[in-house]
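So the chains spell out like this:
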Amino acid sequence: MAILKIAKMGNPVLRHRADEVPDPTAPEVRRLVEDMLETMHDAPGTGLAAPQVHVPLRVVIFEVAEGRAQREGGEAVPLTVMVNPVIEPLDDATSLGWEGCLSVPGLAGMVPRHDHIRYRFQTLDGDWVEREAKGFHARVVQHECDHLDGMLYPQRMDDLSLLVFTEELKHGAPQPRNAAVKEEAAS
Ligand code: NI
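The structure reproduced in this document is the subject of the present report. Along each chain, residue indices are assigned from 1 in the same order as the chain's sequence is written. Where totals are concerned, whole chains, interfaces and linings use all residues; where local detail is concerned, this predicted model gives features only for residues with pLDDT of at least 70, and gives and counts side-chain atom pairs only at 80 or more. To get the side-chain values, take all heavy atoms of the structure and skip hydrogens and water.

1. Some words on the pattern of salt bridges
Turning to step 1, where the next piece is worked out: Take a side-chain nitrogen of Lys or Arg and a carboxyl oxygen of Asp or Glu: if they are within 4 Å of each other, that pair is a salt bridge. Applying the stated criterion across every chain, the model contains 11 salt bridges.
Turning to step 2, where the next piece is worked out: Its salt-bridge partner being R17, residue E20 comes within 3.3 Å of it at the nearest N-O pair.
Turning to step 3, where the next piece is worked out: Judged by its relative accessible area of 44%, E20 falls in the partly exposed class.
Turning to step 4, where the next piece is worked out: The class of R17 is exposed, set by a relative accessible area of 52%.
Turning to step 5, where the next piece is worked out: For E99, the salt bridge goes to R139, with nearest N and O atoms at 2.7 Å. Of this pair, E99 sits in strand β4 (residues 94–99) while R139 sits in helix α3 (residues 135–147); the two residues are 40 residues apart in sequence, bridging distant segments of the chain. Comparing E99 with R139, the two get one shared label, buried.
Turning to step 6, where the next piece is worked out: In the salt-bridge network here, residues are joined through shared partners; they are E99, R113, R139, D146 and R156. A 1.4 Å probe rolled over the protein chains alone gives each residue an accessible area, and that area as a share of the maximum for its type sets the label: buried under 20%, exposed over 50%, partly exposed in between. Secondary structure elements are taken from DSSP: a helix is a run of H or I of four residues or more, a strand is a run of E of two residues or more, and numbering for both begins at the N terminus.

Right, here's the structure in full:
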């Protein structure tokens with residue numbers, strides 16, 4: 001196991017579509033996931049996508065711990081390893097919420113995301129799993145899967161006045177001009 005170096009915004013690996021994993025059961029995929037877990041826990045972060053550790057493959061890990069879920073008013077999600085994930089929004093409803101990213105250190109932004117999604121992915125055994133997610137759970141999955149398509153959260157923002165240094169949030173978070181804020185997120 002090893003703690004991997006995290007690519008930051010501007011690195012080309014974060015700008016390109018990552019490749020499908022042809023065989024999720026391959027030993028090198030399991031080794032990658034072990035290193036990603038160690039890296040995510042060291043950071044610490046809620047989620048991590050393989051391009052963030054300079055590996056252009058469609059692999060994501062995330063976890064919504066019980067305490068975090070209570071703060072966000074959503075459900076806890078056990079540690080999840082996703083290979084070749086696919087997301088489908090279930091309706092048009094979106095909400096704004098704060099997000100941070102290990103590849104955009106020190107900043108946070110108010111990002112619109114779908115409230116309610118279905119997603120499916122392969123496990124390290126190669127089986128397909130399908131889940132529905134709402135709220136913070138759905139936000140984390142959308143944030144992480146965006147990394148697989150070369151997208152960072154600031155690119156999803158429609159009001160860059162709400163992109164801030166987290167250390168300045170102690171002065172009070174800026175409010176969006178005309179939308180309800182439902183969640184805070186960092187992954
Ligand atoms: Ni991120």
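2. A short note on the nonpolar core
Turning to step 1, where the next piece is worked out: Buried Ala, Val, Leu, Ile, Met, Phe, Trp, Tyr and Cys residues form a nonpolar core when they are joined through side-chain atoms within 4.5 Å. By size, the foremost hydrophobic cluster in this structure holds 17 residues, and its most contacted members are V60, F62, V64, M82, I117, Y119 and V141.
Turning to step 2, where the next piece is worked out: Of all the secondary structure elements, the ones that give two or more residues to this core are β2 (59–64), β3 (77–89), β6 (116–122) and α3.
Turning to step 3, where the next piece is worked out: The greatest single-element share of this core, amounting to 5 residues, is contributed by α3.
Turning to step 4, where the next piece is worked out: Excluding anything up to four places from it in sequence, Y119 contacts F62, M82, V86, I87, V129, E130, R131, A133, H137 and V141. Any two residues whose heavy atoms approach within 4.5 Å are treated as being in contact.

3. Brief notes about the pairing of strand β7 (residues 128–134)
Turning to step 1, where the next piece is worked out: Bridge analysis of β6 against β7 gives 7 bridges, and the strand direction is antiparallel. The residue bridging R120 from the neighbouring strand is E130, located in β7.
Turning to step 2, where the next piece is worked out: Where β6 folds back onto β7 in an antiparallel hairpin, the turn is made up of 5 residues, including G126, whose phi is positive at roughly 90°. Note on pairing: two strands pair once DSSP finds at least 2 bridges between them.

4. Some words on the layout of surface pockets
Turning to step 1, where the next piece is worked out: Each cavity reported here is a set of points on a 1 Å grid over the protein atoms alone in which a 1.4 Å probe fits but cannot get out, each pocket an open set with protein on both sides within 12 Å along at least five of seven lines, and each lining residue one with an atom within 4 Å of a point. Grid points are joined across faces, edges and corners, and a volume is the space filled by probe spheres set on the points. Estimated volume of the largest pocket: approximately 330 Å³.
Turning to step 2, where the next piece is worked out: Secondary-structure elements contributing two or more residues to the lining of the largest pocket are β3, β5 (107–114) and α3.
Turning to step 3, where the next piece is worked out: For the lining of the largest pocket, the element with the highest residue contribution is β3, accounting for 5 residues.
Turning to step 4, where the next piece is worked out: Three classes are used, and their members are as follows: Ala, Val, Leu, Ile, Met, Phe, Trp, Tyr, Cys and Pro are nonpolar, Asp, Glu, Lys and Arg are charged, and the others, Gly among them, are polar. Across the lining of the largest pocket, the residue classes tally to 6 nonpolar, 3 polar and 7 charged.

5. Some details on the packing of aromatic side chains
Turning to step 1, where the next piece is worked out: A pair of Phe, Tyr and Trp rings is counted when the ring centres sit within 6.5 Å of each other, with Trp represented by its six-membered ring. The angle between the planes then sorts it: under 30 degrees is stacked, over 60 is edge-to-face, the rest tilted. By the definition in use, this model includes 1 aromatic pair.
Turning to step 2, where the next piece is worked out: Ring geometry for Y119 versus F121: centroids 5.9 Å apart, planes at 20°, classification stacked.
Turning to step 3, where the next piece is worked out: Judged by relative accessible area, which is 3%, F121 ranks as buried.
Turning to step 4, where the next piece is worked out: Over a ring means this: the NZ of a Lys or the CZ of an Arg is within 6 Å of the ring centre and within 35 degrees of the ring normal. Lying over the aromatic face of W128, R120 brings its terminal NZ or CZ to 5.5 Å of the ring centre.

6. Description of α3
Turning to step 1, where the next piece is worked out: With 13 residues, α3 should cover 18 Å at 1.5 Å per step; its first-to-last C-alpha distance of 19 Å lies within 8% of that length.
Turning to step 2, where the next piece is worked out: With 13 of its 13 residues buried, α3 lies for the most part within the structure. Expected helix span is computed as 1.5 Å times (number of residues minus one).

7. Points about the side chain of R113
Turning to step 1, where the next piece is worked out: Residue placement: R113 occurs in strand β5.
Turning to step 2, where the next piece is worked out: The exposure class assigned to R113 is buried, which follows from its relative accessible area of 5%.
Turning to step 3, where the next piece is worked out: A polar side-chain atom of R113 sits 2.8 Å from a polar atom in the side chain of E99.
Turning to step 4, where the next piece is worked out: Excluding its chain neighbours within four sequence positions, the residues that come into contact with R113 are A93, T94, S95, E99, R139, Q142, H143, D146, Y153 and R156. Here a polar contact means two N or O atoms within 3.5 Å. Within protein one must be a hydrogen donor candidate and the other an acceptor candidate, and residues neighboring in sequence count only if both atoms are side-chain atoms.

Purely geometric stuff here, so don't read any function into it on its own.
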